[in-house]
Amino acid sequence: MIIEFGHFALILALLVAAFQTVVPAWGARVRDARLMAVAEPAAVSQFFLLLIAFFALMHAYVTSDFSVANVAINSHSTKPLIYKMSGVWGNHEGSMLLWVLILALFGAAVAVFGNNLPSTLKANVLAVQASIAWAFLLFILLTSDPFVRMIPAPADGQGLNPILQDPALSFHPPFLYTGYVGFSIAFSFAIAALIEGRIDAAWARWVRPWTLAAWMFLTIGIAMGSWWAYYELGWGGWWFWDPVENASFMPWLAGTALLHSALVMEKREALKVWTILLAILTFSLSLMGAFIVRSGVLTSVHSFAVDPERGVFILAIMVLFTGGGLALFALRAKDMRIGGLFAPISREGSLVLNNLLLVTATATVLIGTLYPLILEGVTGDKISVGPPFFNMTFGPLMLPLLLALPFGPLLAWKRGDLLAVGQRLMFAAVAALFVVVVIYAVDHRGPWMAPFGIALGVFVMAGAITEWASRIKLGSASREEVVRRAVNLPRSSYGTLLAHFGVGLMVVGIVGTSAYQSERILVMKPGDTVSIAGYDLVFKGAAPNRGPNYREDIARFDVTRGGAPVTTLEPSKRLYDAPPQPTTEAGIYASWAGDLYVVMGDEQQGDGYAVRAYFNPLVRFIWLGTLIMFFGGGISLSDRRLRIGAPMKSRRAHPIAAE
Amino acid sequence: MTRKQKRGVLIGSGVATLTVAAIMVLFALKDSVVFFHTPSDIIEKAVPAGERIRLGGLVAKGSVVRGEGTTVSFKVTDTLKDIPVTFTGVLPDLFREGQGVVTEGKLDAAGVFSADTVLAKHDENYMPPEVAKSLEARGVKLGGSAHPEDKAN
């Protein structure tokens, strides 16, 4: 009964979305306040209807109602409760329901918190947002209905893919989707602005918090996915340039560019047309991500619904919104007035450089991801584009970006003094060079470039600290003045500083683990020892064990360093009951210096096991860096000036409010 | 600087960045693209030894032989032709006889494929789409769906 109720709510949501698309947009056109005003209750009720549908499905999962086909195929009665709940989005139909739920959540949030928006803009934004929701709801109801019954109901379900039964992965999709879908708001604002033919700095001020929120969640969502792949898949790596990883990474790159160009637009009224275009492109890349993941056109780790019909439907949605958005842009953009002027060496100039490099990087990732598809279509050749391609193209673009990063925030708006900024960054440059010297002096066995890569990360971090020091006049003003400035520095400035610091930390982690990873693969018998990166691992043998819904062989390794015991690692090989599928659980000992990572392979002839041991130096900094970026975004979002609904009065008058 | 010059700098740097990126992309594509072949392709097209390729098909039944240490040899078949493969390392969880597999590596002069990467999928009925398409094109009937991939290298 609850299922039918949920199904009904889903259909109602479709109707509400259709209503919300047409009526407010018409109202905005004929300037009828009553027609425009229906957008708000419609957006809120659309959200609640989808919430009902979502909880109806979750109820079916939690109570293991196998008369629902979706539950029967993707769940199992013995599964732990948390995975029953996360199982809702561990499959195609449920994850699409989550997708529209978040889409509606953002729409409802604009309706509720967007009191300061002009009424026509708000009506148009909510109408565009509803049109996206409508398209996806239609997609769900026609091709991917999660509420279909299965009569007779099977005695038990088929279970969730065991590698998805994992805490980090339970929360990875909701975060990732919040990021993906959050960019829909920027898109809706862009389309609404194009419809009205008017954009100004206020537009950027409204869009930026939403974009920032979406960016934060996408950042943490990608990081969680990467972390999961690292410890769960047992390959010892954390990023594989897999098509689906790229699908989430492209909107992130474009969204990062959008965040920065919207800043220029807000402060200086420049880059208006470009920002609108970026807003359209960013969400289009999100849609393309959905297409790549859902259609299975590209061979990937994640392609869990290979169905041509669905692929074509999502492709149609993508073409409609991307094509429609770009067509509207082409029609209207020429009418937009060009904004403020600036010298190439200026804060604006540095942000343009940031955009140029990020967007070019997005394009290279796009080419690498789609090239196999295009080539197969054209010549029929089947190819794969692997990590070497991305390392050769994406890497060189990040180099100037990271080098220029510390300069940007220190340059003045309009016209900056590069030399003076360079002098202020002396400390950061010295710190970076010091790192290079120390690495070479201690012991260096890796690639010659690696110490410079780590130094680059240190330069970015030290640059963030320099910026902070110079904003609070550390060393040049009195102590009271410094403290006062540190306290009064806007939260958005702290957010920027933290996010940039996090980027530097992440770079240190990426370079460290990529350049200095050590790996041993061998056959070990009980009593054998393997040495890696100064650790000695003694294999104590393997023993069978029974988990809640799997059997496993747990191996034991006693780890010592220079004779002193460090830890015991227990990697295992599991065989799940339903579906009967083996997985590998890595044994990981994490420390600041790096992770010791051990994976069990097959049992060999005799009583030996194939064993893979890695030492991944500094790998922890990758996720710590992204976490700091996430919190930086959050602190920035909590800034009064950015808060949705807060008075729009500028605090420029304040002596240090300048960003 | 005049307005025109400012715009010139902007456009110039944009064009320069895109040009450099385009050149990099072309070079990288030339060097790092890996072609996919089935065993029949390799024999018919006479793929030269030493070229980095992907070889996909089914692990031939009864062909898996464990050698010294972690070295394993097996045959990849598309039911028409077989190619012998050697691999040193830990095989993915779902590597099994009779199931789909994609390997990456090089052919040696003797026609043995020396793989450094083995990909298998987390599904009993899984068949890598490239393999399925090639086999279907050759009239071999197969079913299959995709599930998360498993990899070893």
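Residues numbered from 1 in each chain as written. Chains lettered and ligands numbered in written order. Predicted model: local features only at pLDDT ≥ 70, side-chain atom pairs only at ≥ 80, totals over all residues.

Undergrad: Describe helix 1 (residues 3-32) of chain B, with residues and values.
TA: Turn by turn, an α-helix covers 3.6 residues, leaving residues three or four places apart pointing in a common direction. Look at helix 1 of chain B: 43 Å from first C-alpha to last across 30 residues, which is about the 44 Å you get at 1.5 Å a residue. Within helix 1 of chain B, the full set of buried residues consists of Ala21(B), Ala28(B) and Ser32(B). (Helix = DSSP H or I, 4+ residues; strand = E, 2+ residues; numbered from the N terminus. Expected span 1.5 Å × (residues − 1). Buried ≥ 20, exposed ≤ 12 C-beta atoms within 10 Å, placed from the backbone.)

Undergrad: Can you explain the nonpolar core? Please cite residues and give values.
TA: All names here are of chain A. Core analysis: the biggest nonpolar cluster contains 238 residues, and Val-100, Phe-136, Ala-186, Phe-189 and Ala-279 have the highest contact counts within it. By residue number, the principal contributor to this core is helix 9 (residues 201-232), which donates 19 residues. The residues contacting Phe-189, other than those within four sequence positions of it, are Val-125, Trp-203, Trp-206, Val-207 and Ala-279. (Core = buried A, V, L, I, M, F, W, Y, C linked by C-beta atoms within 7 Å. Contact = placed C-beta atoms within 7 Å.)

Undergrad: I'd like a description of the pairing of strand 10 (residues 594-603) of chain A, backed by residues and values.
TA: Consecutive side chains along a regular strand alternate between the two faces of the sheet. Residue and element names in this part refer to chain A. Among the 10 residues in strand 10, 8 count as buried, and that is most of the element. One ladder, built from 4 bridges, connects strand 9 (residues 587-590) with strand 10; its direction is antiparallel. Note that in strand 10 the partner of Ala-590 across the bridge is Asp-595. Between strand 9 and strand 10, which follow one another and run antiparallel, lie 3 residues. Of the pairings in the sheet, the one linking strand 10 to strand 11 (residues 609-617) comprises 8 bridges and is antiparallel in character. Opposite Val-598, over in strand 11, you have Ala-613 as the bridge partner. Counted along the chain from strand 10 to the antiparallel partner strand 11, the turn is 5 residues long, and its residue Gly-606 has a positive phi close to 80°. (Pairing = 2+ DSSP bridges.)

Undergrad: Let's hear about the packing of helix 10 (residues 243-268) of chain A against helix 13 (residues 347-379) of chain A: which residues, and what values?
TA: Residue and element names in this part refer to chain A. Packing of helix 10 against helix 13 leaves a shortest axis separation of 9 Å and a crossing angle of 160°. The angle between helix 10 and helix 13 falls in the class roughly antiparallel. Where helix 10 crosses over helix 13, the two elements pack in a sense that is left-handed. (Axes fitted to C-alpha atoms, helices over the stretch in contact; angles between N-to-C directions. Parallel < 35°, antiparallel > 145°, perpendicular 65-115°, else oblique. Left-handed = near helix turned anticlockwise from the far one by under 90°.)

Undergrad: Account for the confidence of the model for chain B, with residues named and values stated.
TA: All names here are of chain B. Averaged over all residues, the pLDDT of chain B equals 78, while 78% of them reach at least 70. Highest mean pLDDT in chain B belongs to strand 5 (residues 82-88) (91); lowest belongs to strand 8 (residues 149-152) (44). Per-residue pLDDT stays below 50 along residues 141-153; that stretch engages in 52 contacts with residues further than four places along the chain or on separate chains. (pLDDT = per-residue confidence, 0-100.)

Undergrad: Outline helix 14 (residues 387-404) of chain A, supporting the account with residue identities and numerical values.
TA: Compared with an ideal rise of 1.5 Å per residue, which puts 18 residues at 26 Å, helix 14 of chain A spans 25 Å between its outermost C-alpha atoms and is within 8% of the ideal. Residue Phe394(A) marks the point of greatest curvature in helix 14 of chain A, where the axis turns by about 30°; the proline Pro396(A) follows within four residues. Residues of helix 14 of chain A that are buried in the fold lie against helix 13 and strand 1 (383-385) of chain A together with helix 1 of chain B. (Bend = angle between axes of the 7 residues up to and from the residue.)

Undergrad: An account of the domain arrangement of chain A is requested, with residue identities and associated values reported.
TA: Residue and element names in this part refer to chain A. Annotation of chain A at the domain level lists domain 1 (1-165) and domain 2 (519-617). Taken together, the 9 residues of domain 1 in the interface contact 10 residues of domain 2. Partitioning the side of domain 1 that touches domain 2 into residue classes produces 3 nonpolar, 5 polar and 1 charged. (Domains from an automatic or database assignment. Nonpolar A, V, L, I, M, F, W, Y, C, P; charged D, E, K, R; others polar.)

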